Amino acid sequence: MGRTQLHKCIPAVAASRTQRRGEERRGISFRKKRGEGGAGGEEVEMEVGFLGLGIMGKAMATNLLRHGYRVTVWNRTIAKCQELVALGATVGETPAAVVAKCRYTIAMLSDPSAALSVVFDKDGVLEQIGDGKGYIDMSTVDAATSSKISEAVKQKGGAFVEAPVSGSKKPAEDGQLVILAAGDKTLYDEMVPAFDVLGKKSFFLGEIGNGAKMKLVVNMIMGSMMNSLSEGLCLADKSGLSPQTLLDVLDLGAIANPMFKLKGPAMLQGSYSPAFPLKHQQKDMRLALALGDENAVSMPVSAAANEAFKKARSLGLGDLDFSAVYEVVKGAGGSGQA
Ligand SMILES: NC(=O)C1=CN([C@@H]2O[C@H](COP(=O)(O)OP(=O)(O)OC[C@H]3O[C@@H](n4cnc5c(N)ncnc54)[C@H](OP(=O)(O)O)[C@@H]3O)[C@@H](O)[C@H]2O)C=CC1
Ligand SMILES: O=CC(=O)O
């Protein structure tokens, strides 16, 4: 595509040689000046677009701004853009307007239907994507959705990378996500400096669909583990043990993990402020089970976990953190009846 790498937008004059060397060591290239290797001499402004400012998108776009990127944002509920404007972002009125302005546009949207709508609907990404532009969808979707977007973007002459992430609100705020990318390798390479800001590690997994599949497998395991932890906390409680002591024991053994450590104490307090909304975890279980169907993989544990998440949604818990599935498990275990 003949694009340059995605560069931070720190004024070159303000960056000392030492700063530059530090940035270069971290794999972040400075913008070329028009004229470096060509004619002219002024700075080329490199805009990054960002579509979707939910829990994750807001944290990720904020991180890019903090690291000196120029960011143009769009969100369906446009009022949510204001917080980012206060941090230096500009607003695009539609996804198409953002793509028209930016060489690279990142999306972080709720689900397959949102991801497709932002690309294919009126004023969508497709209206302005084309030669020399890259579209990077970091939403968690299925491989078929990703392939559909990839084909359409490529037909218009653009490049596409799917790059779902592992890690929740806090890792997004801290730039500690794990990025599971696939698709156009040239675009991926160009995005690495931005991925280095957003995450602690990026994987390039090959052809489109592999990133989506990897993310679904990971979240299927995570959803099953959350159900298992919920059942364990109930069992400890009902059998006369301290659930907090169970958490302490788990944290010292072979199945210690950050999720149990972070979510366990909050679950015991009935505190489910959403980091990863339960409705999205259920969507991921549903999509992972469909992947299991396609590949004739029997997944009874995940299927049972999905039922618990579905039940939680039906009880109106979809917007709470996915750990609120504990409430369903507690209910299913009976309330005080032996
Ligand atoms: N939260 C987490 O811990 C993690 C989430 N993910 C994945 O990242 C994605 C985003 O998650 P998260 O930020 O938590 O979700 P949120 O529910 O907080 O945000 C969803 C975003 O999608 C937008 N959206 C929803 N439907 C549409 C639509 N039809 N058209 C346009 N925009 C739409 C919302 O806009 P509006 O504001 O107008 O509603 C919002 O910007 C999901 O795919 C999720 O599975 C991945 C890793 C971790
Ligand atoms: O998708 C959710 C996560 O925590 O990862």
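Basis of the calculations
Residues numbered from 1 in each chain as written. Chains lettered and ligands numbered in written order. Predicted model: local features only at pLDDT ≥ 70, side-chain atom pairs only at ≥ 80, totals over all residues. Heavy atoms only, no water. Axes fitted to C-alpha atoms, helices over the stretch in contact; angles between N-to-C directions. Helix = DSSP H or I, 4+ residues; strand = E, 2+ residues; numbered from the N terminus. Left-handed = near helix turned anticlockwise from the far one by under 90°. Contact = heavy atoms within 4.5 Å. Nonpolar A, V, L, I, M, F, W, Y, C, P; charged D, E, K, R; others polar. Core = buried A, V, L, I, M, F, W, Y, C linked by side-chain atoms within 4.5 Å. Buried < 20%, exposed > 50% of the residue type's maximum accessible area, 1.4 Å probe, protein only. Near = heavy atom within 4 Å. Polar contact = N/O pair within 3.5 Å; in protein donor to acceptor, adjacent residues only side chain to side chain. Areas by Shrake-Rupley, 256 points an atom, 1.4 Å probe, with all protein chains shown as cover. Domains from an automatic or database assignment. UniProt positions renumbered as here; feature names shortened; annotations may be inferred. Arc of directions from axis to C-beta.

Participant: Can you walk me through the packing of helix H9 (residues 210-238) against helix H12 (residues 278-294) in this structure?
Facilitator: Two quantities define a packed helix pair, namely the angle between the axes and the distance from one axis to the other. At a minimum axis distance of 8 Å, the contact between H9 and H12 shows a crossing angle of 115 degrees. The crossing of H9 and H12 is left-handed. Across from Lys-213, Leu-216, Asn-219, Met-220, Met-222, Gly-223 and Ser-224 in H9, the residues of H12 making contact are Gln-281, Asp-284, Met-285, Leu-287, Ala-288 and Leu-291. Residues that form the contact of H9 with H12 fall into these classes: seven nonpolar, four polar and two charged.

Participant: Is there a simple way to think about the nonpolar core in this case?
Facilitator: Note that soluble globular proteins tend to have their nonpolar side chains buried in a common cluster. Core analysis: the biggest nonpolar cluster contains 35 residues, and Phe-50, Met-60, Leu-64, Val-73, Ile-136, Met-138 and Phe-195 have the highest contact counts within it. When contributions to this core are tallied by element, the ones reaching two or more residues are strand E1 (47-51), helix H2 (55-66), strand E2 (70-74), strand E4 (104-107), strand E6 (159-162), strand E8 (177-183) and helix H8 (185-198). Setting aside its immediate chain neighbours within four residues, Val-73 contacts Phe-50, Leu-53, Ala-61, Cys-81, Leu-84, Ala-89, Thr-90, Val-91, Gly-92 and Val-98. With 30 residues, the next largest nonpolar core counts Met-220, Met-226, Leu-229 and Phe-260 among its residues.

Participant: I tried to follow the site of ligand 2 on my own but got confused; where do I start?
Facilitator: The environment of ligand 2 is made up of Ser-166, Gly-167, Ser-168, Lys-215, Asn-219, Met-222 and Phe-276. Within the side chain of Lys-215, an N or O atom sits 2.7 Å from an oxygen atom of ligand 2. For ligand 2, whose unbound accessible area comes to 190 Å², protein coverage reaches 88%. For the shell around ligand 2, the leading source of residues is H9, giving three residues. Here the shell around ligand 2 is built from residues that sort into two nonpolar, four polar and one charged. Two domains each put at least three residues into the shell around ligand 2: domain 1 (3-208) and domain 2 (213-330).

Participant: I tried to follow the UniProt feature "domain: 3-hydroxyisobutyrate dehydrogenase-like NAD-binding" (unreviewed entry) in the protein chain on my own but got confused; where do I start?
Facilitator: Feature annotation in UniProt assigns "domain: 3-hydroxyisobutyrate dehydrogenase-like NAD-binding" (unreviewed entry) to the following positions: residues 209-328. Here residues 209-328 is 72% helix and 0% strand, with 33 Å between the C-alpha atoms at its ends.

Participant: What am I meant to see in the site of ligand 1 here?
Facilitator: Near ligand 1 lie 27 residues; those nearest to it are Asn-75, Thr-77, Lys-80, Ser-168 and Ala-275. Interatomic distance of 3.2 Å between a backbone N/O atom of Leu-53 and an oxygen atom of ligand 1. At 2.5 Å from an oxygen atom of ligand 1 is found a side-chain nitrogen or oxygen belonging to Thr-77. In isolation ligand 1 exposes 900 Å². Once the protein is present, 89% of that is buried. In terms of residue class, the shell around ligand 1 is made up of 12 nonpolar, 10 polar and five charged. Taken domain by domain, the shell around ligand 1 gets at least three of its residues from each of domain 1 (3-208) and domain 2 (213-330).

Participant: What exactly am I supposed to notice about helix H10 (residues 243-252) here?
Facilitator: Every α-helix winds through 3.6 residues per turn, so residues three or four apart in the chain are directed the same way. Taken as a whole, H10 has its buried residues at Pro-243, Leu-247 and Leu-250. Down the axis of H10, the sector holding all buried residues measures 65 degrees, keeping them to one side. Opposite the buried face of H10, by more than 90 degrees, sit the exposed residues Val-249 and Leu-252. Here the buried face of H10 lies against H9 and helix H11 (258-268).

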